Amino acid sequence: MNEDLLFNFDVDKGAKTVYITREFNASLSLVWDAFTKPELLDQWGAPAPMRAETKYMNFEVGGKRFYAMIGPDGTARWSVQEFTSITPKTNFKMYNTFADEHENRELPGSDWNYSFSEQEGITRVDIIIYNESFERLEKLLAGFKIGFSLTLTNLEYFLATLTQPK
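All figures in this text were calculated on a predicted structure; none of them were measured in a lab. (Residues numbered from 1 in each chain as written. Predicted model: local features only at pLDDT ≥ 70, side-chain atom pairs only at ≥ 80, totals over all residues. Heavy atoms only, no water.)

1. Some points on the pattern of salt bridges
Consideration 1: In the structure shown here, the tally under the stated rule is eight salt bridges.
Consideration 2: For Glu 106, the salt bridge identified is with Arg 77, shortest N-O distance 3.2 Å. Of this pair, Glu 106 sits in strand β7 (residues 105-119) while Arg 77 sits in strand β5 (residues 76-87); the two residues are 29 residues apart in sequence, bridging distant segments of the chain.
Consideration 3: The partly exposed category is assigned to Arg 77, whose relative accessible area is 35%.
Consideration 4: Linking Arg 105 and Glu 82 is a salt bridge whose minimum nitrogen-to-oxygen distance equals 3.1 Å. One end of the pair, Arg 105, is in strand β7; the other, Glu 82, is in strand β5, with 23 residues separating them in the sequence.
Consideration 5: Accessibility expressed as a relative area gives 33% for Arg 105, which makes it partly exposed. (Salt bridge = Lys/Arg side-chain N within 4 Å of Asp/Glu carboxyl O. Helix = DSSP H or I, 4+ residues; strand = E, 2+ residues; numbered from the N terminus. Buried < 20%, exposed > 50% of the residue type's maximum accessible area, 1.4 Å probe, protein only.)

2. Regarding the nonpolar core
Consideration 1: Ranked by internal contacts, the top residues of the largest apolar core, which has 32 residues, are Ile 20, Phe 35, Tyr 114 and Phe 116.
Consideration 2: Broken down by secondary-structure element, the contributors of at least two residues to this core are β2 (17-24), α1 (28-36), α2 (38-44), β6 (91-99), β7, β8 (122-131) and α3 (134-163).
Consideration 3: Core analysis: the second largest hydrophobic core is formed by six residues, Ala 68, Ile 70, Trp 78 and Val 80 among them. (Core = buried A, V, L, I, M, F, W, Y, C linked by side-chain atoms within 4.5 Å.)

3. Let's talk about the pairing of β5
Consideration 1: As paired elements, strand β4 (residues 64-70) and β5 share seven bridges and run antiparallel to each other. Looking at the pairing, Lys 64 lines up with Glu 82 of β5.
Consideration 2: Linking β4 back to β5 in an antiparallel pair, the connection comprises five residues, with Gly 74 at a positive phi of about 90°.
Consideration 3: Summarising the sheet, β5 and β6 pair through nine bridges and their orientation is antiparallel. (Pairing = 2+ DSSP bridges.)

4. Some words on the environment of Thr 163
Consideration 1: Examined against the element boundaries, Thr 163 turns out to sit in helix α3.
Consideration 2: For the pair Thr 163 and Ser 27, spaced 136 residues apart in the sequence, the C-alpha separation amounts to 9.0 Å.
Consideration 3: Setting aside chain neighbours within four positions, we find Thr 163 in contact with Ala 26 and Leu 30. (Contact = heavy atoms within 4.5 Å.)

5. Some remarks on α1
Consideration 1: Along α1, eight of the nine residues are buried, which leaves the element largely enclosed by surrounding structure.
Consideration 2: Buried within α1 are the following residues: Leu 28, Leu 30, Val 31, Trp 32, Asp 33, Ala 34, Phe 35 and Thr 36.

6. Quick word on unusual backbone geometry
Consideration 1: Cis geometry marks the peptide bond from Ala 48 to Pro 49; its omega dihedral reads 10°.
Consideration 2: Relative to the elements of secondary structure, Pro 49 occurs in the loop between α2 and β3 (51-57).
Consideration 3: Here the residue pair Leu 107 and Pro 108 is connected by a cis peptide bond, since its omega of 5° sits within 30 degrees of zero.
Consideration 4: Considering the arrangement of structural elements, one finds Pro 108 in strand β7.
Consideration 5: A positive phi angle, close to 55°, is found at Lys 16, a residue other than glycine.

7. Comments concerning the sheet that holds β3
Consideration 1: Taken together, the eight strands give an open sheet; going across it, the order is β1-β2-β8-β7-β6-β5-β4-β3, and neighbouring strands pair in antiparallel fashion. Edge positions in the open sheet fall to β1 (7-12) and β3, since each of these has one partner strand only. Between one strand axis and the next, the sheet turns through 20° on average, direction left out of account.
Consideration 2: Against the sheet, α1 touches β2, β3, β5, β6, β7 and β8, its axis set at about 170° to β7.
Consideration 3: The strands touched by α3 within the sheet are β1, β2, β6, β7 and β8, with β2 carrying the most contacts at an inclination of about 10°. (Axes fitted to C-alpha atoms, helices over the stretch in contact; angles between N-to-C directions.)

This is the structure:
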């Protein structure tokens, strides 16, 4: 892991918002694809020993991703992500909520705002997560920071495998 790359994880409980900034030593195009293509997302999108599995994904405004994080014992934790805004290679927004295996949503959810920028071969991803309820934020925070940090580290290693000379 490159210790020189920026990684911030801040929580504003009063605003019910999480702010994450993470840099990657990869092109913006590659990082964008890693976040927006299910065949790539499933290779890094869950903290070990879990794995991500996308049932379907339609990356367009009004489209959805329905996926699970699957534990080593086969237990699946399903989520629905509904894309509300997309500006290619710059920004996308989505509404995220847990669900059951039949896509019945567990409300409340959260609004995610991803912004991408690149400078001198380093891509920066800024993520703002607004939770509809303080209780949901509190419930998620304990494991979320560790799990999402590990997931972003997975992405760093995954991107390195894609950018290394063959």
